[in-house]
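The primary structure of each chain is shown beneath.
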Amino acid sequence: MKLFIKPGACSLSPHIALEEAGLRYETESVDLATKQTASGGNFFEVNPKGYVPALLLDSGELLTEGPAIVQYIADQAPARNLAPANGSLARYQLQSWLNFIATEIHKSCTAFFHPLSKDDWKTAARANLDRRLGMLNDHLADKPYLLGNDFSVADGYLFTTLSWMKYIGIDLATLPNLAAFQARVAARPAVQKVLKDEGLA
């Protein structure tokens, strides 16, 4: 499998999932401004959507969209317990968290990185982030991970989005449970390796 990434972007989440799953994979960086891959290819020819992450399977098929990719990865290594069993209520809870992170955290961050964003968009996005991060901080008050005691692919995604808060001006120290969560995930050996591989540590 080959994962197309931009270091530090949302593709960090499936990169963490691949390493946690212990699967064989390679990565290739993409310049999202020029849509050129590190090997000199046209990224649009790989993924017509033009953004990462994109996972090229050994079969030649392409899988896009982070929440779908990380669930696929988890299902390739069920013994690693990165996602609850398909059909279980816990699996739907995982999907709920993945959707929440995608739409409420990830999407709100777009306002701070989009070159055409205006102040009113940033103000609304910041207000939404303050509410949602506060709720997450409360949720993690009595558990180490989103689903309880076990690390899941949703935690890798949350870790990824929380890593952007320093660029937005949100200090996780004011959200102690989230700060502890972030440190807990960062200490995982697979996460440390991925951060090093992406030049982030």
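Bear in mind that the values here come from a model prediction, so they are computed numbers and not experimental data.

Definitions and limits used
Residues numbered from 1 in each chain as written. Predicted model: local features only at pLDDT ≥ 70, side-chain atom pairs only at ≥ 80, totals over all residues. Heavy atoms only, no water. Helix = DSSP H or I, 4+ residues; strand = E, 2+ residues; numbered from the N terminus. Rg over C-alpha atoms; globule rule 2.2 N^0.38 Å. 1 Å grid on protein atoms, 1.4 Å probe; cavity = no way out; pocket = protein on both sides within 12 Å on 5 of 7 lines; lining within 4 Å. Points joined across faces, edges and corners; volume = space filled by probe spheres on them. Nonpolar A, V, L, I, M, F, W, Y, C, P; charged D, E, K, R; others polar. Axes fitted to C-alpha atoms, helices over the stretch in contact; angles between N-to-C directions. Parallel < 35°, antiparallel > 145°, perpendicular 65-115°, else oblique. Contact = heavy atoms within 4.5 Å. Phe/Tyr/Trp six-rings, centres within 6.5 Å; stacked < 30°, edge-to-face > 60°. Buried < 20%, exposed > 50% of the residue type's maximum accessible area, 1.4 Å probe, protein only. Lys NZ or Arg CZ within 6 Å of the ring centre and 35° of its normal. Polar contact = N/O pair within 3.5 Å; in protein donor to acceptor, adjacent residues only side chain to side chain. Core = buried A, V, L, I, M, F, W, Y, C linked by side-chain atoms within 4.5 Å.

A. Summary view of the overall build of the protein. Looking only at helices and strands, one finds 9 helices and 5 strands in the protein. Mapped in sequence order, the helices and strands of the protein form the string β-α-β-β-α-β-β-α-α-α-α-α-α-α. Taken over the C-alpha trace, the protein has a radius of gyration of 17 Å; the compact-globule value for 201 residues is 17 Å, and the two agree within 12%. With the C-alpha coordinates aligned to their principal axes, the bounding extent of the protein is approximately 45 × 45 × 30 Å.

B. Layout of the layout of surface pockets. The volume enclosed by the largest pocket comes to roughly 1100 Å³. Along the wall of the largest pocket there are 37 residues; nearest its centre are Gly8, Ala9, Cys10, His106 and Trp164. Where the lining of the largest pocket is concerned, the elements lending two or more residues are helix H1 (12-21), helix H3 (66-76), helix H4 (89-113), helix H6 (153-162), helix H7 (165-168) and helix H8 (176-186). Here the lining of the largest pocket gets 6 residues from one element, more than from any other, and that element is H4. Taken together, the residues of the lining of the largest pocket break down into 23 nonpolar, 9 polar and 5 charged.

C. Structural detail: the packing of H4 against H6. Here H4 crosses H6 at 10°, and the two axes come no closer than 9 Å. With respect to their mutual orientation, H4 and H6 come out roughly parallel. Here Leu94, Trp97, Leu98, Ile101, Ala102, Ile105 and His106 of H4 lie close against H6, whose contacting residues are Val153, Ala154, Tyr157, Leu158 and Thr161. Per-class residue counts for the contact of H4 with H6 are 10 nonpolar, 2 polar and no charged.

D. Focus on the packing of aromatic side chains. Taken as a whole and judged by the stated rule, the model has 5 aromatic pairs. Measuring from centroid to centroid gives 6.4 Å for phenylalanine 113 and tryptophan 164, while their planes differ by 80°, and the two rings are edge-to-face. Highlighted residues: phenylalanine 113 in helix H4 and tryptophan 164 in the loop between H6 and H7, separated in sequence by 51 residues. Residue phenylalanine 113 is classed as partly exposed on the basis of its relative accessible area, which comes to 46%. For tryptophan 164, a relative accessible area of 9% translates into the label buried. Through a chain of ring-to-ring contacts, three or more aromatic side chains come together here, namely Tyr145, Phe151 and Phe181. Residue placement shows arginine 188 over the ring face of phenylalanine 151; its charged tip is 4.1 Å from the ring centre.

E. Spatial organisation of the side chain of serine 11. Residue position: serine 11 is located in the loop between strand E1 (2-5) and H1. Here serine 11 falls in the buried class, since its relative accessible area comes to 0%. Side-chain polar atoms of serine 11 contact the backbone nitrogen of lysine 6, separated by 3.0 Å. Dropping the residues within four chain positions of it, serine 11 is found in contact with Leu3, Phe4, Ile5, Lys6, Val52 and Pro53.

F. A look at the nonpolar core. Counting residues in hydrophobic clusters, the biggest one holds 50 residues, and the most contacted among them are Leu133, Leu136 and Met165. Examining the composition of this core, we find that 7 residues originate from one element, H4, more than from any other. Those residues in contact with leucine 133 that sit more than four places away from it in its chain are Ile105, Leu162, Met165, Ile170, Leu175 and Leu178.

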